[in-house]
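Close look at the chain arrangement
Single-letter residue listing:
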Amino acid sequence: MSALRAPPPGERVMGASINAFDWSDTPLGPRENWPASLTSIYEVMVASPFAMCASWGPDLTMIYNEAYTDFLAVRHPAALGQPIREVWHDVWADIAPLIERAMAGQRVHRTDMHLVMTRKGYAEDTYWTFAYSPLRDGETVVGFLNIAIETTEGVIAAQRRDAAEASLRQLNATLEQQVADRSRERDRLWNLSEDMLARANYEGMMSAVSPAWTQVLGWSGTELLSRPYATFMHPDDLDQTLAALVRMGETAQPTRFENRIATRDGSWKPIEWTVAPEPDGLNFIAVGRDLSIAKAREAELAVAQEALRQSQKMEAVGQLTGGVAHDFNNLLTIIRSSVDFLRRPELPDERKRRYLDAVSDTVDRAAKLTGQLLAFARRQTLKPEVIDVGHRLRTVSDMLDPVTGARIRLVTEVPDQTCFVRVDLNQLDTALINMAVNARDAMEGEGTLTLRLTCGGAMPPIRGHGGGKGPFVAISLRDTGCGIAADQLSRIFEPFFTTKAVGKGTGLGLSQVFGFAKQSGGDVEVDSIVGVGTTFTLYLPEVRPEAQAHGDAGQDHEPAPLGRGQRILVVEDNIGVGQFATQILEDLGYRPTWVANAEEALDRLGRDGAGFELVFSDVVMPGMGGVALAHELQRRLPRLPVVLASGYSHVLAQETSHGFELLHKPYSAEQLGRILHQVTGRQSTQRA
């Protein structure tokens, strides 16, 4: 539970009223027992200058801000803390179906909805533009938020405009029979209308304007009639306005458009025009409606909705940050404890090896956790290659047996035809294993898991996103487990969301699958029936085979070969990492020199490379980054190889490694030595 904060001075009367209200007699209970989600909505409402009302709990008890009291009129302050059905009893039949949709989890929006209200002692016609947004406590919809704008004045003005237009059309149609009557009615409408009425010709001049022109724009009748009407238009709107008038003259049909008209004080007002040609073919009638108030209210509603979205976004960020901190603190605890024991001089060699292994394993787990987070965010750096996906699935199927256990029957259905995808092989394997582990846990270690491949199909629309005609490869894993509840399906790809017991999973496995699929140009679909099972289908773009396409990527586990004293320039802005990389290179038999940024590296290399045989650079650095440095060296010193190192870079994530060798952080001494040996050996061969 979270206590309500005291409102700041800007929240004025209504915040004080809500604080002083005795909520213990309502279904919401005392303020200090309100859930955090209700408190958050309260703070957004009371701080907002826009009319907002939250209805919460079994009786949909009303909480509203100061701006909303104008809508309640004499019903305030008695409406505070009362069920919405009782407060708005006179319009309940109209709004109840909309409230039911909001409580079912749908967002409801209405524009200029007509409601007959008795809020000032008499029945009156009112019009409203509003949005009902579901409010949740956890996963349960417990109420809804109403953000409303009263549009009665605008709608009535529009009705008057329509009436004026109808009257004008009638007057034109009955000109010969009702000349006198038409003149009297037109004069009355002309003088009383809040819309701007005008008679103009196609030559660019107006011959008559109604008094509303002066009321809206400030110009006198003489000023308006003595200048071409184009001189009052915003320059950016002139061409489209004149084009609309030309079309009307050619088609002899009424038309509508919007433009900006200058006011006498130098500002601009948005005007919606309805123009209709006169029978003489020389003149036309124009009716202009001032949109300033309507546009301002639309902007206010958009700002209020954005404030709500930002509040919800901050809640999600808090959840993600908490999950990351929890997992990394667990890993750091293992590393810190192991290092403390390794400092003891009397520690036996066997226990030293045990603690060193623990540190190494924990670093691998931390790197995997980081990779899963980047995969979900689609910011990991991939190393795509073209593989025979059928061959790879057969290999992975053999790997899954020990993962799923002896009591799970694994069925693999791979077609005889070959099909190829271009993906990061390690990430594909990780995604398949993550889905298999998820299926194993859903079946509680016993059941049937079917791994199936289809080629050359389309990708259907998934979660509201458009599909693709393909061709796509579809890799599906179908289990016979407990299934996933419908209210959880929308959250299963969120990081750290898991339905498993504490300690049984981090909630990052499926988020890795989601991020890998999206970054690889595909998607992942899930179908589930509670008590029957779940099917995850991974869609990846199918590609043409390449000459060296393969399905397995072997890894060299041999110790890294030593260098031969080659000079290497290390570019790293982090002091600790730079010093450590230098020490590793010295231990591997190289002669390293460390600089802190790309600009210093360019100075050190000069025009001829200064005797260095390779540049080893970080990617993310202040000023010039590693990728930009590599491109500049490629231009200046094309025979000098560059190896990049990065744990994260949005540039690499979007555009791969730009053709340069890439080493992923955290890297081991063996990995660094192996890639340097490969690059320097390749360079020696090219020079020979």
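Computed from a predicted structure; not experimentally measured. Residue numbers here run from 1 along each chain, matching the order of that chain's written sequence. Reporting of local features is limited, given that this is a predicted model, to residues whose pLDDT is at least 70; pairs of side-chain atoms are given and counted only at 80 or more, and all residues count toward the totals for whole chains, interfaces and linings. Side-chain metrics rest on all non-hydrogen atoms present in the structure, leaving aside hydrogens and water.

**Things to note about the nonpolar core**
- Take the buried residues of types Ala, Val, Leu, Ile, Met, Phe, Trp, Tyr and Cys, join any two whose side-chain atoms come within 4.5 Å, and each joined set is a nonpolar core. Each residue is placed in one exposure class: buried if its accessible area under a 1.4 Å probe, protein chains only, is under 20% of its type's maximum, exposed if it is over 50%, and partly exposed if it falls in between. In terms of nonpolar packing, the biggest core is built from 52 residues, with Met62, Tyr64, Tyr68, Trp88 and Tyr132 touching the most fellow members.
- Contacts are residue-level and defined by heavy atoms, with any inter-residue pair within 4.5 Å sufficient. When neighbours within four sequence positions are excluded, Trp88 is seen to be in contact with Met62, Tyr68, Phe71, Leu72, Arg75, Ile95 and Met117.

**Some thoughts on the state of the cysteines**
- In this description, a disulfide is simply a cysteine sulfur pair whose atoms lie within 2.5 Å. The final tally for this structure, using the stated rule, is one disulfide.
- What pairs with Cys419 in a disulfide is Cys455, and their sulfur atoms sit 2.2 Å apart. Here Cys419 is found in the loop between strand 12 (408-413) and strand 13 (420-424), whereas its partner Cys455 is found in strand 14 (residues 447-459), with 36 residues between them in sequence. As far as the burial class goes, Cys419 and Cys455 line up, both buried. Numbering of helices and strands runs from the N terminus; a helix is a DSSP stretch of H or I covering at least four residues, while a strand is a stretch of E covering at least two.

**Considerations on helix 5 (residues 92-103)**
- Between its terminal C-alpha atoms helix 5 stretches 15 Å, which fits the 16 Å expected from 12 residues at 1.5 Å a residue.
- Considered for burial, the residues of helix 5 that qualify are Trp92, Ile95, Ala96, Leu98, Ile99 and Ala102.
- Its buried side turned inward, helix 5 meets helix 4 (84-87), strand 3 (108-118), strand 4 (123-137) and strand 5 (140-150).
- Of the residues one or two after helix 5, Gly105 is the one with positive phi, at around 100°. Working rule for helices: expected span equals 1.5 Å times residues minus one.

**Section: the packing of helix 17 (residues 598-605) against helix 18 (residues 626-636)**
- At their nearest, the axes of helix 17 and helix 18 sit 11 Å apart, and the two run at 20° to each other. Relative to helix 18, the element helix 17 is oriented roughly parallel. Crossing geometry of helix 17 relative to helix 18 is assigned as right-handed. Counted together, Ala598, Ala601, Leu602 and Leu605 of helix 17 and Leu629, Glu632, Leu633 and Arg636 of helix 18 form the full contact between these two elements. Only the stretch in contact is used when fitting a helix axis, every axis being a line fitted to C-alpha atoms; angles between N-to-C directions are given from 0 to 180 degrees. In what follows, roughly perpendicular refers to angles from 65 to 115 degrees, roughly parallel to angles under 35, roughly antiparallel to angles over 145, and oblique to any angle outside these ranges. For a crossing to be left-handed, the near helix must be turned anticlockwise from the far one by less than a right angle; the clockwise case is right-handed.

**A closer look at the sheet that holds strand 5**
- Any two strands between which DSSP finds at least two bridges are classified as paired. One open sheet accounts for five strands, arranged 2-1-5-4-3; its pairing is antiparallel. This sheet does not close on itself; its edge strands, each paired only once, are strand 2 (61-64) and strand 3. Here the average twist between neighbouring strands, direction ignored, is 30°.
- Here strand 4 runs beside strand 5; their pairing, made up of 10 bridges, is antiparallel. Paired with Pro134 across the strands is Phe144, a residue of strand 5.

**Let's talk about the packing of aromatic side chains**
- What counts as a ring pair is set by centres within 6.5 Å for rings of Phe, Tyr and Trp (its six-membered ring), and what kind of pair is set by the plane angle: stacked under 30 degrees, edge-to-face over 60, tilted for all other angles. Enumeration over the complete set of coordinates arrives at 11 aromatic pairs.
- Where Tyr64 meets Tyr68, the ring centres are 5.6 Å apart and the plane angle is 40°; that geometry is what we call tilted.
- With relative accessibility at 0%, the residue Tyr64 sits in the buried group.
- When the ring of Tyr229 is compared with that of Phe284, the centres are 6.3 Å apart and the planes differ by 75°; the resulting orientation is edge-to-face. Note that Tyr229 is positioned in the loop between helix 9 (221-226) and helix 10 (238-251) and Phe284 in strand 10 (residues 283-290), a separation of 55 residues in sequence. For the pair Tyr229 and Phe284, a shared accessibility class is recorded, and that class is buried.
- An aromatic cluster is defined as three or more aromatic residues linked by ring pairs; in this entry it consists of Tyr64, Tyr68, Phe71 and Trp128.
- The criterion is that NZ of a Lys, or CZ of an Arg, lies within 6 Å of the ring centre and within 35 degrees of the ring normal, and then a charge sits over that ring. Sitting over the face of the ring of Phe232, Arg227 holds its NZ or CZ atom 4.2 Å from the ring centroid.

**Description of the confidence of the model for the protein**
- Per-residue pLDDT for the protein has a mean of 81; in total, 80% of the residues score no lower than 70.
- Here residues 1-10 is a poorly scored stretch, pLDDT under 50, and it has 24 contacts once near neighbours within four places are set aside; other chains count.
- pLDDT gives the predictor's per-residue confidence on a scale running from 0 to 100. Below a pLDDT of 50 lies the segment residues 649-657, which in the model reaches 22 contacts outside its immediate sequence neighbourhood of four places, other chains included.

**Section: the sheet that holds strand 7 (residues 206-209)**
- Pairing is antiparallel in the open sheet, where five strands are placed in the order 7-6-10-9-8. Strand pairing shows two members of the sheet lacking a second neighbour, strand 7 and strand 8 (255-262), which therefore form its edges. Taken pair by pair, the neighbouring strands of this sheet meet at an average axis angle of 30°, ignoring direction.
- Across eight bridges, the pairing between strand 8 and strand 9 (residues 268-277) is antiparallel. Across the sheet, Arg256 pairs through a bridge with Thr274, a residue of strand 9.
- Most of the contacts of helix 10 go to strand 8, to which it runs at about 145°, and overall it touches strand 8, strand 9 and strand 10.

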